[in-house]
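# Fold and contact review
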Amino acid sequence: MTAINKGTYRLAELASHVGGVVQGDSTTPISSVATLAGAKHHQISFLTNPKYKSQLAETHAGAVIVHDKVKGDVQCAALIVDNPHVAFARIAQLFDTTPAVASNIAQTAVIASSARLGSDVSLGENVIIEDNVVLGDGVSIGANSVVRKGTHIGQGSTLYPNVTIYHDVVIGKRVTIHSQTVVGSSGFGYANDKGVWLPIPQLGSVRIGDDSQIGASTSIDRGALDDTIIGDNVIIDNQVQIGHNCIIGDHSCICGSTGIAGSCNIGKHVIIAGGCGVNGHISICDNVQVTGFTMVVQDITSPGVYSSGQPAQTNLDWRKNTVRLQKIGSLFDRVKALEKQV
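Numbers given for residues are sequential positions, taken from 1 along each chain in its written order. Per-residue local features are limited, in this predicted model, to residues with pLDDT of at least 70; the limit for side-chain atom pairs, both in listing and counting, is 80 or more; totals at the level of whole chains, interfaces and linings are taken over all residues. Each side-chain value is derived from all of the structure's non-hydrogen atoms; neither hydrogens nor water enter the calculation.

On to the nonpolar core, then. Throughout this description, the term nonpolar core refers to a set of buried Ala, Val, Leu, Ile, Met, Phe, Trp, Tyr and Cys residues connected via side-chain atoms within 4.5 Å. For each residue, the accessible area found with a 1.4 Å probe, counting protein chains only, is set against the maximum for its type, and the residue is called buried under 20%, exposed over 50%, and partly exposed in between. Core analysis: the largest hydrophobic core is formed by 45 residues, its most contacted members being Ile-141, Ile-260, Ile-272 and Ile-284. By definition, any uninterrupted DSSP run of H or I lasting at least four residues is a helix, any uninterrupted run of E lasting at least two residues is a strand, and each is numbered from the N terminus. Breaking this core down by element, the ones donating at least two residues are β23 (206-208) and β36 (288-290). Note on contacts: a residue pair qualifies if any of its non-hydrogen atoms lie within 4.5 Å across the two residues. Contacts of Ile-141, omitting those with residues within four sequence positions, involve Val-101, Ala-102, Ser-122, Leu-123, Gly-124, Val-127, Ile-129, Leu-135, Val-147, Ile-153 and Leu-159. Core analysis: the second largest hydrophobic core is formed by 16 residues, Tyr-9, Ile-30, Ala-87 and Phe-95 among them.

Shown next as structure tokens:
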């Protein structure tokens, strides 16, 4: 696909890129993406949530990405696709203006003589690459990041500034890790000797599969003996804690502020929403969705949606319900007594 000029594409070219059908003027030039409410004539937007359907009639976008079911409500040019959200994501990638984390190898980068760097590797200012590190072709590492001894980072992976990768970690191809994240720090392993905590050396490592994305300020602990394993195409949000020896299956999603205790085995295509807690040594099967603020305290063995967090309510209602909850035990005993009399 060839741009009309730098960063601008005809609608027909975008349709070809995502496998869609054009409704209206296929020569409409598009140079960026925007929301329905804020789009201008040179931008493309999309509709997935019916809540915003009324904005189709009011948008100033040059074109919109929609499903076939709503194409009749579009007033401007349209790109008809089966999945507007996916099509929007692929088109947005064409217009991504995020600057590269590094360009070439900075003079202040410190690289051990035993490290092996592939072609087109970029290292920002003050990056430290320790002994026996292996960086694949096209790896980019932002300023002030540290990659410790024996770590392998696969082709096309990106570390943003201020990332720390501990020793002997294995990171796959095309992985993105955002700032302040720590991979391979010691798992939370201690023995208690008459009230005194003794640290247990964490001798395993961390392995991260291809095409995974890890947000900012997330911590992934290394295993105690075996490795902590993050599968292929796993997406992990900001400020997530993953304990030692956890296994996260392929294509799973862990949202922000979730904490997963050690030795959990989470299946494939699992979505854990924000603010959740997962108790240690829990197994969650494939194709499970856990809604926000849920506490998982036992194995989940059947696919489906699971919840335990309570929606917000007025303080008065909460206080009344709390008092009633405290009376459940006595109410249960009374019901059992009445059942015996019957």
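Looking now at the pairing of strand β20 (residues 182-185). Paired strands are those between which DSSP finds at least two bridges. The sheet contact formed by strand β17 (residues 164-165) and β20 spans two bridges and is parallel. Pairing of Ile-165 across the sheet is with Val-183, part of β20.

Here we take up the pattern of salt bridges. Side chains bearing opposite charge may pair, as long as their charged atoms lie close to each other. Salt bridge, as used here: a side-chain nitrogen of Lys or Arg that lies within 4 Å of a carboxyl oxygen of Asp or Glu. Going through the model one piece at a time under the given rule, you end up with six salt bridges. A salt bridge links Lys-71 to Asp-68, with the nearest nitrogen and oxygen atoms 3.1 Å apart. For Glu-339, the salt bridge is made with Lys-336, and the minimal N-O distance between the two is 3.8 Å. Of this pair, Glu-339 and Lys-336 both sit in helix α4 (residues 328-341), three residues apart, which is roughly one turn of the helix.

Aromatic ring pairs: the centre-centre distance and the angle between the two ring planes describe each pair. Side-chain rings of Phe, Tyr and Trp, where Trp is taken by its six-membered ring, are said to pair if the distance between their centres is within 6.5 Å; with planes under 30 degrees apart they count as stacked, over 60 as edge-to-face, and otherwise as tilted. According to the stated counting rule, one finds three aromatic pairs in the structure shown. Geometrically, the ring pair formed by Phe-188 and Tyr-190 is edge-to-face, given 5.3 Å between the ring centres and 70° between the ring planes. Taking the relative accessible area as the measure of exposure, Phe-188 reaches 71% and is therefore exposed. When its relative accessible area of 41% is taken as the criterion, Tyr-190 is described as partly exposed.

Further remarks concern the packing of helix α1 (residues 11-18) against helix α2 (residues 84-94). Interhelical geometry of α1 versus α2 gives an angle of 120° and a closest axis separation of 10 Å. Comparing the axis directions of α1 and α2 gives the class oblique. With respect to the hand of their crossing, α1 and α2 are arranged in right-handed fashion. In contact with Leu-14, His-17 and Val-18 of α1, α2 contributes Ala-87, Arg-90, Ile-91 and Leu-94. Class assignment of the residues belonging to the contact of α1 with α2 gives a composition of five nonpolar, one polar and one charged. As a rule, the C-alpha atoms of each element are fitted with a line to give its axis, helices using only the stretch in contact, and angles between N-to-C directions run from 0 to 180 degrees. Relative orientations are named as follows: roughly parallel for angles under 35 degrees, roughly antiparallel for angles over 145 degrees, roughly perpendicular for angles from 65 to 115 degrees, and oblique for any other angle. The handedness criterion is simple: a crossing whose near helix is rotated anticlockwise from the far helix by less than a right angle is left-handed, and one whose near helix is rotated clockwise is right-handed. We call Asp, Glu, Lys and Arg charged. Ala, Val, Leu, Ile, Met, Phe, Trp, Tyr, Cys and Pro are nonpolar, and the rest, Gly among them, are polar.

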